[in-house]
Amino acid sequence: MIDTRISGGIIYPWMNDHWSFFLQRLENDKLAHALMVEGPAGIGKASLAAAMVAKLLCRENEPGACSHCRSCTLLAAGSHPDYFDLQPDEGKQVIKVDQVRALIGKLDLTTSISERKVACIHPAEKMNAAAANALLKSLEEPAGNTVLILVSDNPARLPVTIRSRCQAISVNQPDSQLVLDWLQGNSDKGPEMNQAALQAAGGSPLRATQYLDSPELDAYGQVRAGLARLLERPGSVSVVSSELGALIPVDLWRWLSICVGEVIKSIMTQQALDWLPANPKLSGKPLLELQRRADINRQLAATPVRGDLLLHDWLIRWAEQAI
Ligand SMILES: [Zn+2]
């Protein structure tokens, strides 16, 4: 499961088709003047857009961008005169109309180095109504040889008039087995940790890699150890409770839910878990209830409710599974 590294961006394995589509359109001179790279957060859309930008500007005729021509060198240095990056100003939440107007002004000028001018707007849904309106004119009558690439996690928040004028490149949440294979080739944490990280990341591969590099996975290890200990020694609830109580509550409950989910899955598939002592008494229904409570308690973690009591109560119920 290998990433394709293009000067400026990475094509993850789940984006191969999107990249081929883009290259084909470009080769056949059928690429629209405006593209919308859309899909859930954390799957690498910005990276795909960066690879497209590099390819559109590169002066060599290679399958990707060459990475050594003047265009590629300037782009890598962040000083390409034909490339414009538009995002909210630092500390701001919206892309304002003045920013869009300034961009349109620059796109009207002739190119300096490359065959075309390219602008990337991300996250595109951060454009306020006036900004979107200003951009619309440019989408209707694009200046010279320009390509606009909009990147959005949430295209539904953009006006239909904008969306309908963009060629959509929709990247869906990749299949979890594909991502697990990819994680396997990109981390040394092992299949169980990869699975847990992907689950904690809500299926987002790039967030999963962040989890794998963060101390949060230590918390996952502590949660697993605590749960295993309680099945062997149900009387040690107070000790385990005070140990796990030191973890950040939101993380703690997320991991508890994930761990119980792993146990439920292991019962269904009859595959033992490395971290859990064999226990024939564990059964699906009470475990589902425990998982449900963990999810509820995660929501409650942001409220002033006594988290230590919730945890103690939850662990008692878990320990009862062993009796
Ligand atoms: Zn190049």
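Scroll up to find the structure this text is about.
Parameters and conventions
Residues numbered from 1 in each chain as written. Predicted model: local features only at pLDDT ≥ 70, side-chain atom pairs only at ≥ 80, totals over all residues. Axes fitted to C-alpha atoms, helices over the stretch in contact; angles between N-to-C directions. Helix = DSSP H or I, 4+ residues; strand = E, 2+ residues; numbered from the N terminus. Parallel < 35°, antiparallel > 145°, perpendicular 65-115°, else oblique. Left-handed = near helix turned anticlockwise from the far one by under 90°. Contact = placed C-beta atoms within 7 Å. Nonpolar A, V, L, I, M, F, W, Y, C, P; charged D, E, K, R; others polar. Buried ≥ 20, exposed ≤ 12 C-beta atoms within 10 Å, placed from the backbone. Pairing = 2+ DSSP bridges. Right-handed = clockwise from strand over helix to strand, strands pointing away. Core = buried A, V, L, I, M, F, W, Y, C linked by C-beta atoms within 7 Å.

A separate point is the packing of helix α7 (residues 176-186) against helix α8 (residues 191-200). To characterise two packed helices, one gives the angle between the axes of the helices and the distance between these axes. Across the interface, α7 lies against α8 with an axial gap of 10 Å and an inter-helix angle of 125 degrees. When the axes of α7 and α8 are compared, the pair comes out oblique. Seen from above, α7 lies across α8 with right-handed handedness. Between α7 and α8, the contacting residues are Ser176, Val179, Leu180, Leu183 and Gln184 on the first element and Pro191, Asn194, Gln195 and Leu198 on the second. Classifying every residue of the contact of α7 with α8 gives 5 nonpolar, 4 polar and no charged.

Moving on, we come to the packing of helix α13 (residues 284-300) against helix α14 (residues 307-320). It is at 11 Å that the axes of α13 and α14 come closest, and there the two elements cross at 170 degrees. One finds that α13 runs roughly antiparallel with respect to α14. Residues Leu290, Arg293, Ala294, Asn297 and Leu300 of α13 lie in contact with α14, whose contacting residues are Leu310, Trp314, Arg317 and Trp318. Residues belonging to the contact of α13 with α14 are distributed by class as follows: 6 nonpolar, 1 polar and 2 charged.

So, on to unusual backbone geometry. In this structure, Pro123 follows His122 across a cis peptide bond, with omega equal to -15 degrees. Here Pro123 lies in the loop between β5 (117-121) and α5 (129-140). Phi at Gln270 is positive, roughly 55 degrees, even though this residue is not glycine. Inspection of the secondary structure assignment puts Gln270 in the loop between α12 (249-269) and α13.

Take the pairing of strand β6 (residues 146-152) next. With 7 of 7 residues buried, β6 lies mostly within the body of the structure. Here strand β3 (residues 34-38) pairs with β6 via 5 bridges, running parallel. Each bridged residue has a counterpart across the sheet, and for Glu38 the counterpart in β6 is Ser152. Sheet topology note: the β5/β6 ladder contains 5 bridges and is parallel. When the sheet's bridge partners are listed, Ala119 is paired in β6 with Leu148. In this fold, β5 hands off to α5, which returns the chain to β6; that crossover is right-handed.

Burial runs high along β3: 5 of the 5 residues are buried. Burial of β3 is two-sided: the residues Ala34, Met36 and Glu38 facing one way and the residues Leu35 and Val37 facing the other way are all buried. Pairing geometry for β3 and strand β7 (residues 167-170), over 4 bridges, is parallel. Opposite Met36, over in β7, you have Ala168 as the bridge partner.

Val53, Ile149 and Leu150 are the most contacted members of the largest nonpolar core, which has 47 residues in total. If one sorts the elements of this core by residue count, helix α2 (residues 45-57) sits on top with 9 residues. In terms of nonpolar packing, the next biggest core, distinct from the first, is built from 31 residues, Val179, Ala200, Tyr220 and Leu244 among them.

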